[in-house]
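What follows is each chain in one-letter form.
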Amino acid sequence: MTDTDPGFAPLTLADYAERARAAVPVKTWDFIEGGAGDERTLRSNADAFERARLLPRVLAGVGLPDTGTRVLGRTWAAPVGIAPMAYHTLVHEQGEIATARAAGATGLPFVVSTFAGHTFEDIAAAASSPLWLQVYCFRDRSLTRELIHRAERAGFEALVLTVDAPRLGRRLRDLRHGFTLPPTVRPANLQDSGSGTGFGSPMEHALAEFDAALDWSVIGWLRSVSSLPVLLKGVLGGADARRAVDAGVDGLIVSNHGGRQLDGAPSTLDALPEVASAVAGACPVLVDGGVRRGADVLTSLASGADAVLLGRPVLHGLAVGGEEGVARVLGIVADELTEAMALCGTASVADAGPDLLAPRTAPPVQEGSRGGEARTAEPRREEPRGGDVRGGEARREESRTEDLRREEARTEALRREDLHGSVRDPLLGTMNFLNEITSRYPEAISFAPGRPYGGFFHSEQIFDHLRRYLDHLTATGHSPDQVRDTVFQYGPTSGLIRDLVADTLRRDEGIDVPPESIVVTAGCQEAMLLAVRALIAGPDDVLLVPDPCYVGITGAARLLDVEAVAVPEHASGFRCADLEAVLSAQRARGRRPRAFYVTPDHANPSGATMPVETRHELLALAARHDLLILEDSPYRSVSPGRQLPTLKSLDRTRSVVHLGSFSKTLFPGARIGFAVADQPVRGDGEGASLLADELAKIKSMVTVNTSAVSQTVVAGMLLAADGRPSDFNADTAAYYGNAMRTVLTRLEERFPPAERTALGIRWNTPTGGFFLTLDVPFPTDNAALTRSAEDFGVIWTPMSYFYLNQGGESALRLSISYLTPDSIKEGIDRLARFIKSEAGADGAS
Ligand SMILES: Cc1cc2nc3c(=O)[nH]c(=O)nc-3n(C[C@H](O)[C@H](O)[C@H](O)COP(=O)(O)O)c2cc1C
């Protein structure tokens, strides 16, 4: 059947629907027209437009309205696009090719479904207006990625991720018919992958292959595989809309999938104002579902949309008249829109505001109901149309209910913009991506976490250690009540076990300080936070950090709104001259550098160790410039061989605040760290104190005191080691030394010197610690990390995570600490394959 068949020419989209119904088999018609469940949502889409009324604006002097609009940088002839719909080939053999031609002829965009019946390349060849790709995320991400890349190569301009379909809704019409696709209709873009073959119906396909557990991390994943703008299709609420905006999406499509998913979801016209107000102009908002006239387009614009998408009517046009039929359908809507705009005194799309909307016609009241209490029961196909059948009280009731609904929507989520800026800082989110990758690819070997090897820990020993310290308390004269209170009660803010920590420092590290100069903290992280809080007095004070740097310290600074200033570190490590230059530059800009954070031994992430001469030079510099050094050295006691002296043990001017941790030497689950802060503090009024006392004051408002149970276990371990955990750690250090050697040897084997030079790969050779770094000849961004995890089964940390500003874009950090030698070897083999593939040297050895 064509447009030119005898009888009247179709004048409206409803005319096209009627003709299409006669033109296609009933099963196909029901597949297209049907909705999920009882089709309540399907009907409500149309009903909402039925009830909407536009207010004419008279004598507006508009002339010919301009329907043109710009979306994502492209001009559309009208604020109307074609919604993604699977298998245009069901109704016309030219399918999406004809649709693309019609879209081009009318200057309107076309969103092509993942389940298109023609290839992206063929569709693109026929198109002359913007094409967007609708994405269904498959469990097999590599398949989804390949689809995206194909579309990108074919010139598609945006990705529309459908988020309302973790599985397909129960479409009863299809189930009743036992609907299956005819043999000629296939997902053309999934054929090569083998996906899509063997599934009779779209529902079967979705159940088998869609990723039903999709969550917000998918946006980051899409960003990592494509640079195209990302829109979400299927958002119906303000909270999700805000979350999407926070996640940085480029557009939202208010959609209930044409009533084909959740039966009972609101109509899209009803959902639109809340979404538009939540988005507040941050990105374009489109709407689809039930748009059948130009007036519906104008109603959508007036309700907050930037544009609409048209679904089924396009397939009707295609069924009736192929390319020409689609062009006519689009043309009718555009003409009707022009007319509606002219009659509403609206010169341009931007002029269409809420003032165009007449008060909404309410749905009818069920017979016999009182006031506004009961709404018409479903189904209600034959509702009276037009004219408000209810009184003013009922309308007021509806508006109160609406206000209540909005109120609830407002309170169900907080705006991230209203929280402290640190929560939006990428620095605090760096580890999220790694965690996501690690959980998404559990089979991958991960060189990312800097955590100790688990084989050293034995659960039963915890009880021995607890008991040992309690016995020690008894043996040193504590009564049973005192012993009980030590573990069960709040304890001293500065810590229970300062004497034991002081003993350990003296015996193991040559740091001879009184227990009073120690504060026992909830991990070294708290020690950093306390030190930064105490030392930075105001906005002119800055903290200096090496670049690259451990994120714990820069993160703590960010939490406290403290400015961290980078001191560049070179391949050969830290240089005092650089620190001196930064000090002068900061003073020149009116800043007071208060402290320099440094990890002198086996630094994280660089692996560098500061030579002893540099340590002396740094201490002299600190004394000269009245600068404090925050020394953090968690890896020295678990590294093989003799360690260089700590800065604190060399410190004669009390320039060093030593930040300690038992996480690597004993176990991280205890969360026990400490600060050694023996600097005297003098001031007006109060008597003299130590910096440790001031840190304890701050701690009393942070964690009050460090867990007594944890301190008890750690104390028991220190007693067992007779105050020398370094001896206790000899095996541990040997294990990590061996792990580092295994990594280095395997790298040598996989990249012999000549090949290494040819490829431009380098790595450092730390003498201890948990980390080493590799320079590689390609960007080590999140996209590369995703490829590495997905295609090669190996995870690492991009070095750029550790830089304050620029840096580390082509480098990665490997952590050697928690893998077994066998998994290290396998992991390095995988890493080598990944590096060679990225460097374009797959063929090499
Ligand atoms: C036959 C058919 C197939 C569809 N296929 C898809 C699809 O593959 N991907 C998608 O995101 N939405 C799909 N949709 C939903 C549409 O994109 C759109 O949300 C809906 O059709 C709009 O409502 P309308 O048909 O009332 O205009 C499909 C809808 C229909 C009717």
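Residues numbered from 1 in each chain as written. Predicted model: local features only at pLDDT ≥ 70, side-chain atom pairs only at ≥ 80, totals over all residues. Heavy atoms only, no water.

Colleague: Can you break down the sheet that holds strand 23 (residues 762-763) residue by residue, with the values?
Modeller: Spatially, four strands are ordered 23-24-27-26 in an open sheet, and the strand pairing comes out antiparallel. The outermost strands of the open sheet, each flanked by one partner alone, are strand 23 and strand 26 (797-798). Of the strand pairs in this sheet, strand 23 and strand 24 (residues 771-775) are connected by two bridges, and their pairing is antiparallel. Considered in strand 24, the bridge of Trp-763 is made with Leu-774. Strand contacts of helix 27 (residues 730-750): strand 23, strand 24 and strand 27 (811-815), with the helix running at about 20 degrees to strand 24, the strand carrying the most contacts. (Pairing = 2+ DSSP bridges. Helix = DSSP H or I, 4+ residues; strand = E, 2+ residues; numbered from the N terminus. Contact = heavy atoms within 4.5 Å. Axes fitted to C-alpha atoms, helices over the stretch in contact; angles between N-to-C directions.)

Colleague: Go over the environment of Glu-146, please, and point to the residues and values.
Modeller: Relative to the assigned elements, Glu-146 resides in helix 6 (residues 141-154). For Glu-146, a relative accessible area of 39% gives the class partly exposed. Each C-alpha atom, one on Glu-146 and one on Leu-190, is 9.9 Å from the other, the two residues being 44 residues apart in sequence. (Buried < 20%, exposed > 50% of the residue type's maximum accessible area, 1.4 Å probe, protein only.)

Colleague: Would you mind going over helix 11 (residues 268-279) in detail, with residue names and values included?
Modeller: The end-to-end C-alpha separation of helix 11 is 16 Å, in line with the 16 Å expected for 12 residues at 1.5 Å each. With nine of 12 residues buried, helix 11 is to be regarded as a mostly interior element. Within helix 11, the full set of buried residues consists of Thr-268, Leu-269, Ala-271, Leu-272, Glu-274, Val-275, Ala-276, Ala-278 and Val-279. Of the residues one or two after helix 11, Ala-280 is the one with positive phi, at around 50 degrees. (Expected span 1.5 Å × (residues − 1).)

Colleague: Lay out a nonpolar patch on the surface in plain terms, naming residues and giving numbers.
Modeller: On the surface, Leu-414, Leu-419 and Val-423 cluster together into a nonpolar patch covering about 300 Å² of accessible area. Its place among the elements puts Leu-419 in the loop between helix 14 (392-411) and helix 15 (426-440). The partly exposed category is assigned to Leu-419, whose relative accessible area is 39%. (Patch = residues over 30% accessible without salt bridge, like charges linked within 9 Å, V, L, I, M, F, W, Y side chains within 5 Å. Areas by Shrake-Rupley, 256 points an atom, 1.4 Å probe, with all protein chains shown as cover. Salt bridge = Lys/Arg side-chain N within 4 Å of Asp/Glu carboxyl O.)

Colleague: Describe the packing of helix 16 (residues 461-475) against helix 25 (residues 708-720), with residues and values.
Modeller: Viewed as axis vectors pointing N to C, helix 16 and helix 25 meet at an angle of 85 degrees, and their least axial separation amounts to 7 Å. Comparing the axis directions of helix 16 and helix 25 gives the class roughly perpendicular. On helix 25, the residues that touch Ile-462, His-465, Leu-466, Arg-468, Tyr-469, Leu-470 and His-472 of helix 16 are Val-709, Thr-712, Val-713, Ala-715, Gly-716, Met-717, Leu-719 and Ala-720. Per-class residue counts for the contact of helix 16 with helix 25 are 10 nonpolar, four polar and one charged. (Parallel < 35°, antiparallel > 145°, perpendicular 65-115°, else oblique. Nonpolar A, V, L, I, M, F, W, Y, C, P; charged D, E, K, R; others polar.)

Colleague: Go over the pattern of salt bridges, please, and point to the residues and values.
Modeller: On inspection of all chains with the given rule, the structure shows 42 salt bridges. Residues Asp-30 and Arg-173 are paired through a salt bridge, measuring 2.7 Å at the closest nitrogen-oxygen approach. Of this pair, Asp-30 sits in helix 2 (residues 26-33) while Arg-173 sits in helix 7 (residues 172-177), and the two are 143 residues apart along the sequence. For Arg-173, a relative accessible area of 23% translates into the label partly exposed. Asp-791 serves as the salt-bridge partner of Arg-145, at 3.0 Å between the closest nitrogen and oxygen.

Colleague: Explain the sheet that holds strand 20 (residues 672-676) to me, and be specific about the residues and the numbers.
Modeller: The strand order across the open sheet formed by seven strands is 14-20-19-18-17-15-16, and the pairing between neighbours is mixed. Single-partner strands in this sheet number two, and they are strand 14 (518-522) and strand 16 (563-568). Ignoring which end each strand starts from, the neighbouring axes of this sheet average 25 degrees apart. Here strand 18 (residues 628-632) runs beside strand 19 (residues 656-661); their pairing, made up of four bridges, is parallel. Its bridge partner lying in strand 19, Leu-630 is registered against Val-657. Strands in contact with helix 21 (residues 576-588) are strand 15 (541-547), strand 16 and strand 17 (592-598); relative to strand 16, the strand with the most contacts, it is inclined by about 140 degrees.

Colleague: Hey, could you go over the side chain of Ser-303 for me, with residue numbers and the actual values?
Modeller: Examined against the element boundaries, Ser-303 turns out to sit in the loop between helix 12 (294-302) and strand 11 (307-310). Its relative accessible area of 11% is what places Ser-303 among the buried residues. Contact partners of Ser-303, with chain neighbours within four places excluded, come to Leu-269, Leu-272, Pro-273, Ala-276 and Leu-357.

Colleague: Report on the nonpolar core, specifying residues and quantitative values.
Modeller: Leu-252, Leu-772, Leu-774 and Leu-814 are the most contacted members of the largest nonpolar core, which has 149 residues in total. By residue number, the principal contributor to this core is helix 13 (residues 312-343), which donates 13 residues. Within the second largest apolar cluster, 29 residues are counted, among which are Ala-527, Val-545, Val-657 and Leu-695. (Core = buried A, V, L, I, M, F, W, Y, C linked by side-chain atoms within 4.5 Å.)

Colleague: Which residues make up the site of the ligand, and what values do they have?
Modeller: Around the ligand lies a shell of 21 residues, among which Pro-84, Ser-113, Thr-162, Asp-288 and Arg-292 are the nearest. Contact between the ligand and Pro-84: an oxygen atom at 2.6 Å from a main-chain N or O atom of the residue. Between the ligand and Gly-311, the relevant distance is 2.9 Å, taken from an oxygen atom to a main-chain nitrogen or oxygen of the residue. Here the ligand has 600 Å² of accessible area as a free molecule, and 98% of this is covered by the chains. (Near = heavy atom within 4 Å. Polar contact = N/O pair within 3.5 Å; in protein donor to acceptor, adjacent residues only side chain to side chain.)

Colleague: Describe helix 13, listing the residues and the values that go with them.
Modeller: In this model helix 13 runs just 27 Å from its N-terminal to its C-terminal C-alpha over 32 residues, more than 12% under the 46 Å that 1.5 Å per residue would give. Gly-321 marks where helix 13 bends most, by close to 140 degrees. Among the residues trailing helix 13, Gly-345 stands out with phi positive, at a value near 60 degrees. (Bend = angle between axes of the 7 residues up to and from the residue.)

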